[in-house]
Amino acid sequence: MSTSAPDDILGSYLTALLGWRGVGRPIGGPPGHTPARRRLYGTVLFADLSGFTAMTEALTADRSFGPERISGVLNEQMGSVVGAVHACGGDIIKFAGDAVLACWPATDRSTRGLALTAAAASRCGLEIIARQGRLAPIPGVPDLNMRVGVELGLLEVLHLGNAEIRRVLLVTGASVDGATEACSRAEPGQLRAGTHVRAALHNNSTIGPDGETILDISPSLRALPLPTAPKLPWDPTFSCYLPASVLHRVRSRQGRWMSELRAITAVFVRLPALRTGATPERMNEVFHATWQPIHRHGGIVNKLNIDEKGATVLAVFGLPPEVHEDDAVRACLAAQDAVKALSDIGARAQVGIATGKAFCGEIGATDRREYTVIGDAVNTAARLMQAVAQQDEGEDGATAVLVDAATAKRSSRRLHLDARPALRLKGKKAPVQVFAPTTEIGPTPHQRVQLVGRDAAVQQIVAAGRRLLDNHQGSAILVAGGAGLGKSALVDSVAECIAAAGCTTVHTCGEPLDQIQPGHAWAPVLARLY
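Described below are features of the structure shown in this document. Think of each chain on its own: its residues are numbered from 1, step by step along the sequence as written. Thresholds applied to this predicted model are a pLDDT of at least 70 for local features of residues and 80 or more for the giving and counting of side-chain atom pairs; totals over whole chains, interfaces and linings are not thresholded and use all residues. Computation of side-chain values: all heavy atoms of the structure, hydrogens and water removed.

**Here's the deal with the nonpolar core**
Then, in step 1: One finds L17, I264, L319 and V373 to be the most contacted residues of the largest nonpolar core, which totals 48 residues.
Then, in step 2: Counting residues per element, this core draws most heavily on helix α11 (residues 376-392), which supplies five residues.
Then, in step 3: Setting aside residues up to four positions removed in sequence, I264 forms contacts with V316, F317, G318, L319, A354, T355, G356, A358, C360, V373, A377 and V378.
Then, in step 4: Core analysis: the second largest hydrophobic core is formed by 46 residues, F52, L59, A84 and F95 among them. As used here, the term nonpolar core means buried Ala, Val, Leu, Ile, Met, Phe, Trp, Tyr and Cys residues forming a set that is joined through side-chain atoms within 4.5 Å. For each residue, the accessible area found with a 1.4 Å probe, counting protein chains only, is set against the maximum for its type, and the residue is called buried under 20%, exposed over 50%, and partly exposed in between. What counts as a helix is a DSSP run of H or I of at least four residues, what counts as a strand is a run of E of at least two, and both are numbered from the N terminus. Should any heavy atoms of two residues lie within 4.5 Å, those residues are counted as being in contact.

**Regarding helix α8 (residues 244-251)**
Then, in step 1: Where α8 is concerned, the buried positions are S245, V246, L247, R249 and V250.
Then, in step 2: With its phi angle positive at about 55°, R253 sits one or two positions after the end of α8.

**Thoughts on the packing of helix α9 (residues 280-296) against helix α10 (residues 327-344)**
Then, in step 1: Their axes nearest at 8 Å, the elements α9 and α10 cross at an angle of 155°. Considered as vectors, α9 and α10 are oriented roughly antiparallel to each other. α9 and α10 meet at a crossing whose hand is right-handed. Across from V286, A289, T290, P293, I294 and R296 in α9, the residues of α10 making contact are A334, D337, A338, A341 and L342.
Then, in step 2: Its residues placed into classes, the contact of α9 with α10 shows eight nonpolar, one polar and two charged. Throughout, an axis means a line fitted to C-alpha atoms (over the contacting stretch in the case of helices), and angles, computed between N-to-C directions, take values from 0 to 180 degrees. Should an angle fall under 35 degrees it is called roughly parallel, over 145 degrees roughly antiparallel, and 65 to 115 degrees roughly perpendicular, with every other angle called oblique. Each crossing gets its hand from how the near helix is turned against the far one by less than a right angle, where anticlockwise is left-handed and clockwise is right-handed. Under this grouping Gly is polar, as are all residues other than the nonpolar Ala, Val, Leu, Ile, Met, Phe, Trp, Tyr, Cys and Pro and the charged Asp, Glu, Lys and Arg.

**What about the pairing of strand β1 (residues 36-50)?**
Then, in step 1: The element β1 is extensively covered by neighbouring structure, given that eleven of its 15 residues are classed as buried.
Then, in step 2: Criterion used throughout: strands pair if DSSP finds at least two bridges between them. Bridging between β1 and strand β4 (residues 145-162) involves 15 bridges; their strand directions are antiparallel. If you follow F46 over to β4, its bridge partner there is G149.
Then, in step 3: Strand direction decides the pairing type here: β1 and strand β3 (residues 99-105), joined by seven bridges, are antiparallel.

**Focus: helix α13 (residues 455-471)**
Then, in step 1: Its 17 residues give α13 an end-to-end C-alpha distance of 24 Å, which sits within 8% of 24 Å, the value for a rise of 1.5 Å per residue.
Then, in step 2: Of the residues making up α13, those classed as buried are V458, I461, V462, A464 and G465. Here the buried residues of α13 occupy an arc of 145° about the axis, which is enough to place them on one side. Looking at α13, the residues exposed on the side facing more than 90 degrees away from the buried face are D455, A456, Q460, D470 and N471.
Then, in step 3: Looking one or two residues past α13, H472 carries a phi angle of roughly 55°, positive in sign. The span expected for a helix works out to 1.5 Å for each residue beyond the first. When we speak of the arc, we mean the arc of directions from the helix axis to the C-beta atoms.

The quantities given are spatial measurements derived from coordinates; they are silent on function.
Encoded structure:
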């Protein structure tokens, strides 16, 4: 664990693009308002480590691997990518599951300036593949395969959200789409280049028979000095770009315990309206309608990805500091509220929810990392979201939310759930039971229980009531104890005795879902009295 100050550590969770102000200008703070959009040109690299998620699941299932050992294995893999990117002067935009997105912004838009970014990114791609090939295999886990794609072009940097609570950064553009597509065409151990990278490198690279694979770059390009990796100077205003789970652990100096295996509920939301080409204002409106119900119910937005088909949001319930015994219920209610809020602004959502054990922790290296959640529950939630999207196709009344059996079991006392036909999901050997949450079950009527053996406590509290009547002397009494010890029965008995003596009693309770609202438990009291 680093001994650096917390704010220095927090900077390693962010991309330098947060402070990008334009060609020739120093990296600074974020824009003062949202939505905000900044454009730049350069080369993007997309590296996909296929088998990474399967490896994490295998390690998680193996009881001989604790979270610290799992974290060490993951970071050895992703750390080699981070090291190669920084050695070649690049900036890691984000970690996306088992993939890494990096960029090399051009210092100027001249042909030479753009070509230099293409050369650096291509050199990095070859280095990533070479480093991954040198890592020792892990006994008992699937083999890992590295594929890399690079493309040159426009990047759009979008700032969405609320500066007081939560902001997110989206990076889109032709270069991002091109690098992703090139990577999807690559075979294991290949670096594929988009059209513009190949044109920029011209005769300075060796291209494979397929016309896209870069086998090597010329000695003259290798002799060129590499750019210096951009560094984001920490500014307190960057805090709103970080999830609460990171801020809480780092600032309380609990970073060494960041990695853990814990039960979580994962929520994947597909947003067709939040797509490349939409106006920043519309994108901000859609993001707010999605994020606010998640935040209100105690969830944390962990990832936001976007392409030409729309955006996907990964929210997680059960991460510190927002951990509740009813996180599965909260996730379902948040999803339903988000679907309603989005419908009110003319947008749709398709949601998948799953509950289970997952690896929660940081991946990367000390100079660039991200907090991530990896596990079967996350994959299942994503597959359920895709199933909803395939069934939806824009039809009115179609199911908007599907949950797995584990989520349904944990929510059944609070929600009505309709069983749906089992689905065959990618990566699952057997059909998966799915359910659709419908309406919330109302509170169960309170039943009186006979009080036994609490006479002394009752008399003590009743005496306080008499002092109130006789001397106008108020008091506060705290009754504490574990579940099932008779606290409610004691309160019922005391209320009956005090009412018989002539006192007016007013009852209220605090609901866990409303704890974010200050003073919510006092509303019924004030309404009764005034």
